[in-house]
Protein chains: 2
Amino acid sequence: MADAVSRLRSAGERVTPARYAVLRVVDAADLADEHLTAEQIGARVAEVEPSVHRATVYRTLTSLAETGVLSHVHLGGSATVYHLAEPPVNHHGHHGHVQCHVCGRVLDVPPDTFDGVARRLLDELGFVLDTGHAALLGTCADCR
Amino acid sequence: MADAVSRLRSAGERVTPARYAVLRVVDAADLADEHLTAEQIGARVAEVEPSVHRATVYRTLTSLAETGVLSHVHLGGSATVYHLAEPPVNHHGHHGHVQCHVCGRVLDVPPDTFDGVARRLLDELGFVLDTGHAALLGTCADCR
DNA sequence: ATCGTTGCAAAGCATTTGCATGCCT
DNA sequence: AGGCATGCAAATGCTTTGCAACGAT
């Protein structure tokens, strides 16, 4: 979090109240293992810092993601969620995501979960898998 | 295709010019290994059967998917594409999809590609993976 | 003849953009 | 002081919906 702010600064990006509020919201959600959409983030920012305009939240999320402070995951069902970016753990990629299409919950999975597929895709198609960028769909244990 | 029409009929759904046009478009795209969004399908339908309204295309796609004649895949980047539904091949699920986030191309991958992940997710989380329902992102051979 | 489907137009919703002002650095 | 970031409001683009007319069975 403080780390995120300093990374922002060293990337030459300004730290404004709006951006700080967005970071706080995303950070809090992260700690609670929540995955928020731009819209949801906007709503929470509005509670904490009502002066921040929705459009600014969208612009902020975009630039923070470009800067690498945040990363986003595309969920099935056309929503995009954000979380604080983490440095790659080792030779594996970032952690992955799976989503239950019944309850909508998003589960984090360890980075090496996709090693097998990643390997096959690379060998057979020359396709480099970006493990953390899209969520797979299925049914979670609770919803079966 | 003819098969699709009869499945529609036996599901108690009516076969209208609009639905027939949508099926033709999706079928043609399928043969060409193309993956079309609702919008794109709408555009092609308009060329072939101009009297069909956009709203009808959306409604048609929804009901055809519910009926099981079509299936849809959520791509990363918030687009949903449709193709003719295929009967499950064997004990594996349906074929999967990966998308290149550089050129946007969608590649089909064999159903067993995800066996490893599916197994792990089931063992570790009790999560049942729906292999054909969401696309993973990465970089294709041509774009590296 | 029935009732599911359609066309139309309008509403809905999330997201984006132009522009003048404000504020971080 | 300089220039990026913001607020505002309007526009955009995709998708949905209410309703009366239509047509597949």
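Residues numbered from 1 in each chain as written. Chains lettered and ligands numbered in written order. Predicted model: local features only at pLDDT ≥ 70, side-chain atom pairs only at ≥ 80, totals over all residues. Heavy atoms only, no water.

Chemist: It is not clear to me how the protein's contact with DNA strand C should be interpreted in this structure. Could you clarify?
Modeler: Around DNA strand C sit 20 residues, and of these E39 and Y58 of chain A together with E13, T16 and T56 of chain B come closest. The sugar and phosphate moieties of DNA strand C supply 67% of its atoms located within 4 Å of the protein. Contacts to DNA strand C include R59 of chain A, whose side-chain N or O atom sits 3.3 Å from a base oxygen. In the model, a base nitrogen of DNA strand C is placed 2.9 Å from a nitrogen or oxygen of the R59 of chain B side chain. Of all the secondary structure elements, the ones that give two or more residues to the surface near DNA strand C are α4 (54-67) of chain A together with α2 (17-31) and α4 (54-67) of chain B. The element that contributes the greatest number of residues to the surface near DNA strand C is α4 of chain B, accounting for four residues. (Near = heavy atom within 4 Å. Polar contact = N/O pair within 3.5 Å; in protein donor to acceptor, adjacent residues only side chain to side chain. Helix = DSSP H or I, 4+ residues; strand = E, 2+ residues; numbered from the N terminus.)

Chemist: Teacher, can you tell me more about the domain arrangement of chain A here?
Modeler: How big an interface is tends to be stated in terms of the accessible area lost upon association of its parts. Residues and elements named next belong to chain A. Domain assignment breaks chain A into domain 1 (2-84) and domain 2 (96-138). If you average the C-alpha positions of domain 1 and of domain 2, the two centres end up 23 Å apart. The partner domain 2 presents nine residues to the eight residues of domain 1 that form the contact. Carbon and sulfur atoms make up 53% of the area that domain 1 and domain 2 hide from each other, which totals about 710 Å². Remark: the boundary between domain 1 and domain 2 carries zero salt bridges. On inspection of domain 1 and its partner domain 2, the count reaches four residue pairs in polar contact (both at pLDDT 80 or more). Considering each element in turn, the side of domain 1 that touches domain 2 owes the most residues, four residues, to strand β2 (residues 70-75). (Domains from an automatic or database assignment. Contact = heavy atoms within 4.5 Å. Buried area = accessible area lost by both parts, 1.4 Å probe. Salt bridge = Lys/Arg side-chain N within 4 Å of Asp/Glu carboxyl O.)

Chemist: Explanation requested: the state of the cysteines in the structure shown.
Modeler: Among covalent bonds in proteins, the disulfide is the one between the sulfur atoms of two cysteines. Inspection of the entire model under this criterion finds zero disulfides over all chains. Lacking any disulfide linkage, C103 of chain A is separated from the closest cysteine sulfur, that of C143 of chain A, by 3.7 Å. According to the relative accessible area criterion, C103 of chain A is partly exposed, its value standing at 40%. In this model C140 of chain B remains outside any disulfide bridge; the closest cysteine sulfur is found in C143 of chain B, 3.7 Å from its own. Judged by relative accessible area, which is 3%, C140 of chain B ranks as buried. (Disulfide = S-S within 2.5 Å. Buried < 20%, exposed > 50% of the residue type's maximum accessible area, 1.4 Å probe, protein only.)

Chemist: Looking at this structure, how should I read the interface of chain B and chain A?
Modeler: Each partner contributes residues to the interface: chain B has 34 residues there, and chain A has 34 residues. A per-residue breakdown of the area chain B buries against chain A is headed by F127, L136 and L137 of chain B, which together make up 21% of the total. Remark: the boundary between chain B and chain A carries two salt bridges. Among the salt bridges present, the one from D112 of chain A reaches R120 of chain B, with a minimum N-O distance of 3.4 Å. Scanning the region where chain B abuts chain A turns up ten residue pairs in polar contact (both at pLDDT 80 or more). For the side of chain B that touches chain A, the secondary-structure elements that each account for two or more residues are β4 (96-100), β5 (106-109), α5 (115-125), β6 (128-129) and β7 (135-139) of chain B. Of the residues in the side of chain B that touches chain A, the class split is 19 nonpolar, eleven polar and four charged. (Nonpolar A, V, L, I, M, F, W, Y, C, P; charged D, E, K, R; others polar.)

Chemist: It is not clear to me how the relation of the copies chain B and chain A should be interpreted in this structure. Could you clarify?
Modeler: The operation relating the two chain copies consists of a rotation about an axis and a shift along that axis. Mapping chain B onto chain A calls for a rotation angle of 180° and an axial translation of 0.0 Å; the resulting RMSD is 0.0 Å. The symmetry that links the two subunits is that of a two-fold axis. When the interface residues of chain B are mapped onto chain A, 100% of them again lie at the interface, so the same face is used by both copies. (Least-squares fit on C-alpha atoms with pLDDT ≥ 70 in both.)

Chemist: Teacher, can you tell me more about the pattern of salt bridges here?
Modeler: Any two side chains of opposite charge can pair, on the condition that their charged atoms come close. Under the criterion given, the structure shown has 16 salt bridges over all chains. Residues R105 of chain A and D142 of chain A are paired through a salt bridge, measuring 2.9 Å at the closest nitrogen-oxygen approach. Of the two residues, R105 of chain A sits in the loop between β4 (96-100) and β5 (106-109) while D142 of chain A sits in the segment after β7 (135-139), which places them 37 residues apart along the sequence. Note on D142 of chain A: relative accessible area 62%, which makes it exposed. Within this structure, D112 of chain A together with R120 and E124 of chain B form a network of salt bridges that share partners.

Chemist: In this structure, what is going on with the pairing of β7 of chain B? I would like to understand it.
Modeler: On a regular strand, each side chain points to the face opposite its neighbour's, so the side chains alternate between the two faces of the sheet. Judged by how many residues are buried, β7 of chain B sits mostly within the fold: five of five residues are covered. Across the two faces of β7 of chain B the burial is the same, with A135, L137 and T139 of chain B and L136 and G138 of chain B all buried. Judged from the two bridges that link them, strand β6 (residues 128-129) of chain A and β7 of chain B form a sheet pairing that is antiparallel. Paired with L129 of chain A across the two strands is G138 of chain B, which belongs to β7 of chain B. Note that β4 of chain B and β7 of chain B share four bridges and pair parallel. Within β7 of chain B, the residue paired with V98 of chain B across the bridge is L136 of chain B. (Pairing = 2+ DSSP bridges.)

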